[in-house]
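This is what each chain is made of:
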Amino acid sequence: MAQTTFSGPILAGTIKNTTGTTLGTDVKNTGQVVMTQSSNVVLTHATTTATALGIIIPANSQILSIDIVVESLFTASNTTTIAVGNSSADATDVAAATDVSATAVGPISMLQAAVDTFKNTGTSDVELFGITVANSATAGEARIVVRYTQNNNLS
């Protein structure tokens, strides 16, 4: 299947600027396209250090959500959590640790750890790192999926 690359951000709609008050004629109706990136690194039960996820969020983006997609169950007698951060030194500052030890296969919405990072990633691109803290887990795999809008600088 073919792929098309844009330099972004991409706006969709028929009226770019508001010049009047008549809907469908002269009132802005454009919106930004929601983008997604998914980790190409599978976080496993054996991961105890921050791992680069291969997800780079463009500068001035607004992160809408970060989800964990559990691909195989995490088995543990204690809690197993996954967190996401913007450096290997702080792999919990973007999305707080989320319990995956007792969940079914499928998506889990992560809680944001830093409101400002979700609102605006800042003036530089942000690389995301994930960390799995496994307390006796013997199995389990998950991916991280990030939804965002480019250049939606809300600062």
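Residues numbered from 1 in each chain as written. Predicted model: local features only at pLDDT ≥ 70, side-chain atom pairs only at ≥ 80, totals over all residues. Heavy atoms only, no water.

Peer 1: Describe the overall build of the protein, with residues and values.
Peer 2: Secondary structure summary: the protein contains 1 helix and 11 strands in total. Ordered by position in the sequence, the α and β elements of the protein form the string β-β-β-β-β-β-β-β-β-α-β-β. Split into buried and exposed, the 155 residues of the protein put 37% on the buried side. Of the roughly 8,400 Å² of accessible surface on the protein, a fraction of 52% belongs to carbon and sulfur atoms. (Helix = DSSP H or I, 4+ residues; strand = E, 2+ residues; numbered from the N terminus. Buried < 20%, exposed > 50% of the residue type's maximum accessible area, 1.4 Å probe, protein only. Areas by Shrake-Rupley, 256 points an atom, 1.4 Å probe, with all protein chains shown as cover.)

Peer 1: How would you summarise the confidence of the model for the protein if you had to cite specific residues and measurements?
Peer 2: Summing up the model confidence of the protein, the mean pLDDT is 81 and the portion of residues at 70 or higher is 85%. Put simply, strand β4 (residues 43–44) is where the protein has its lowest mean pLDDT, 68, and strand β3 (residues 34–38) is where it has its highest, 92. (pLDDT = per-residue confidence, 0-100.)

Peer 1: Report on the nonpolar core, specifying residues and quantitative values.
Peer 2: I66, I68, I82, V84, L128, I144 and V146 are the most contacted members of the largest nonpolar core, which totals 23 residues. For this core, the elements supplying multiple residues, two or more each, are β5 (51–57), β6 (62–75), β7 (80–85), β10 (126–134) and β11 (139–149). For this core, the leading source of residues is β6, giving 5 residues. In contact with I82, other than residues within four places in its own chain, are L43, I68, F74, A96, A97, T98, V100, M110, I131, T132, A142 and I144. (Core = buried A, V, L, I, M, F, W, Y, C linked by side-chain atoms within 4.5 Å. Contact = heavy atoms within 4.5 Å.)

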